[in-house]
Each structure stands twice: as C-alpha cells, then as structure tokens.
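# Descriptive structure summary
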Amino acid sequence: MKRKRQNELTTPDLVLLSLLAERRMHGYQANLELERRCVRDWAGISRPQVYYSLEKLAAAGLVRAAESEQPAEGPERRVFETTAKGRASLGEALEREDWAKQRERPPFLTWMALSWQARPGVFARQIARRREYLHSELVREKQTLREILRETGHPYHDAVWMVSLMIEQFRAELKWLKKVERELPRRDRAKFPAYAEEKQRRSC
C-alpha cells in the first residue's frame, strides 16, 4: 500500500507531464514556464517539487532524458520529454471523477469560522484586508487575461476560461464582503446552539 501511494501521480507530477508533452525542456526552463504562466495560482508546485517530480517520473518511465544541443550542465539542465507511457498515464489520471467532485476549503472561511475567538476589532480589520487583497488580485488577473488573449489570439482557450473564472470569483467575493460589512453591526452568536452527543451523528 505504501509503495502504491508513492507511485501515485501528484498534482506536480501531472503538471510537469502536461508541460513536457507540449515541448521538451529542462528543470530550470520548466520552472520559468510555470512562473510565466502563473501556474502556482491554481496548482501547488514548488521549485524543489519540479526536480523531485522529474526524477520520480523518469524512474517510472513517464518522462525520459531527450537529446539536447546544449552541453550537459548538471541535473538542472537535463532535458526531459514525456513518453508514450507518460501521456497515457496523464490521460488516465484526467479521467478520474474526483476532479469534478471536490470542494475547496478556503483559508478565509476557516478563519471566519474561528473568528469568534478573535480580539475586538480584528474581524473588521481582517475583512478590510481581504477586500484590499481581492482588489489587487482582480487587477492582476485582468492583466493576466489580457496577456493570455494576446498569446492565444482568441478567447476559446482553457487558460482564458480559467482566469475568467478567477475574475468572476473575486468579483463575487467582493460583493459578498460588502454584504458582510453591511450586516456586521448585527452580528450575534447562535441563539439555539446544539452540541453533538455521543450517539448523535450528522453527515456534512
């Protein structure tokens, strides 16, 4: 079971398989391309994970070292490409149901659930911080969308749809924050709290 978990393809593995399926590149190039595409906005993949995943994928035969015109300059400069086995594994992973049947756990909502224990005034300050952050992210994503449209030349691309969704989510949350701030003076604790007993079970 432990070996099976080790061999499962993680999000960084799948991102790299997809990237190398587009064109061969070495680890340093892959990191630069991940940054250029702002991939870390939607997928958790750090610089060390890139090199770890490359080694893991190579050992599993999902990527291979490709011929390169550049002289060898160490592990970071080894050029990799996705193999047929790697493309098949990526295709299989993308068919899993769990991609479409999961809920996010936004840290801000976790904070809100715990905020009753915060000191006086903290709730309003955090709401203001969140609003300021969302405004700055909205500006950044709008600029990203303009750059993507210049690169794709049309609006019917997955990157356009993804960034458009982020923009709509930021707008929706900003609208929701206005409502929270408007209702904040009426904030109160639950009037009829019910706590779980040993035999009581509730599915969320």
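Refer to the structure printed above.
Calculation criteria
- Position numbers for residues start from 1 in each chain and track the written sequence from start to end.
- For a predicted model such as this one, the threshold for reporting local features is a pLDDT of at least 70, and the threshold for listing and counting side-chain atom pairs is 80 or more; totals across whole chains, interfaces and linings nevertheless cover every residue.
- Side-chain metrics rest on all non-hydrogen atoms present in the structure, leaving aside hydrogens and water.
- Secondary structure counts use DSSP, requiring at least four H or I residues in a row for a helix and at least two E residues in a row for a strand, with both numbered from the N terminus.
- In this scheme, a residue with accessible area under 20% of its type's maximum is buried, one over 50% is exposed, and one in between is partly exposed, where area comes from a 1.4 Å probe on protein chains only.
- A contact between two residues is defined here by any heavy atoms of the two lying within 4.5 Å.
- Strand pairing is defined by DSSP finding a minimum of two bridges between the two strands.
- Here a helix's expected span is defined as the number of its residues, less one, multiplied by 1.5 Å.
- Salt bridges are identified by distance alone: a Lys or Arg side-chain nitrogen within 4 Å of an Asp or Glu carboxyl oxygen.
- Only centres within 6.5 Å qualify two rings of Phe, Tyr or Trp (six-membered ring in Trp) as a pair; their planes then separate them into stacked at under 30 degrees, edge-to-face at over 60, and tilted for everything else.
- Only Lys NZ and Arg CZ are tested; either one counts as a charge over a ring when it is within 6 Å of the ring centre and within 35 degrees of the ring normal.

## With respect to the overall build of the protein chain
A count of helices and strands for the protein chain gives eight helices and three strands. The linear arrangement of helices and strands in the protein chain, starting from the amino end, is α-α-β-α-α-β-β-α-α-α-α. Split into buried and exposed, the 204 residues of the protein chain put 29% on the buried side. Considering only contacts within the protein chain whose residues lie at least 6 apart along the sequence, 60% involve residues at least 24 apart.

## A word on the environment of Phe 123
With respect to the helices, strands and loops of the structure, Phe 123 is situated in helix 7 (residues 122-152). For the pair Phe 123 and Trp 111, spaced twelve residues apart in the sequence, the C-alpha separation amounts to 9.6 Å. With sequence-adjacent residues up to four places away left out, Phe 123 is seen in contact with Trp 111, Met 112, Ser 115, Val 180, Leu 184 and Arg 187.

## Focus on the environment of Tyr 28
Residue position: Tyr 28 is located in helix 3 (residues 27-36). Exposure remark for Tyr 28: the relative accessible area of 30% places this residue in the partly exposed category.

## A word on the sheet that holds strand 1 (residues 25-26)
With respect to topology, three strands assemble into an open sheet ordered 1-3-2, the strand pairing being antiparallel. Looking at strand neighbours, the two that pair on one side only are strand 1 and strand 2 (63-65), the edges of this open sheet. Note: strand 2 against strand 3 (residues 79-82), three bridges, orientation antiparallel. Within strand 3, the position partnered with Arg 64 by the bridge is Glu 81.

## Some thoughts on helix 8 (residues 158-183)
Taking 1.5 Å of rise per residue, the 26 residues of helix 8 would be expected to cover 38 Å, and the 37 Å separating its terminal C-alpha atoms lies within 8% of that figure. Here helix 8 has its buried residues at Val 160, Val 163, Met 166, Ile 167, Phe 170, Glu 173, Leu 174, Leu 177 and Val 180. Buried residues in helix 8 make contact with helix 6 (107-114) and helix 7.

## Section: the pattern of salt bridges
A pair can form between side chains of opposite charge whenever their charged atoms are brought close. If you walk through the whole model with that rule in mind, you get 18 salt bridges. Between Glu 151 and Arg 36 there is a salt bridge whose closest N-O contact spans 2.9 Å. Placement of Glu 151 in helix 7 and of Arg 36 in helix 3 is noted, with a sequence separation of 115 residues between them. Judged by its relative accessible area of 46%, Arg 36 is partly exposed. In this structure, the salt-bridge partner of Arg 64 is Glu 81, at a minimum N-O distance of 2.8 Å. Remark: Glu 81 occurs in strand 3 and Arg 64 occurs in strand 2; sequence separation between them is 17 residues. A relative accessible area of 43% means that Arg 64 is categorised as partly exposed. The class of Glu 81 is buried, set by a relative accessible area of 16%. Overlapping salt bridges, with partners in common, bring together Glu 22, Glu 33, Arg 36, Arg 37 and Glu 151 in one network.

## Details of the packing of aromatic side chains
On inspection of all chains with the given rule, the structure shows three aromatic pairs. Relative to Trp 111, the ring of Phe 108 lies with its centre 5.3 Å away and its plane at 25°, an arrangement referred to as stacked. Taken together, the positions of Phe 108 and Trp 111, both in helix 6 and three residues apart, correspond to about one turn of that helix. Here Phe 108 falls in the buried class, since its relative accessible area comes to 12%. In this structure, Arg 187 is placed above the aromatic ring of Trp 116, and the distance from its NZ or CZ to the ring centre is 3.9 Å. The lysine or arginine in question, Arg 187, covers the ring of Phe 123, its NZ or CZ lying 4.1 Å from the ring centre.

## Description of the pairing of strand 3
Covered by surrounding structure in strand 3 are Val 79 and Glu 81 together with Phe 80 and Thr 82, the residues of both alternating faces. Both strand 1 and strand 3 contribute to a ladder of two bridges, which runs antiparallel. Across the sheet, the residue bridging to Met 25 is Phe 80, located in strand 3.

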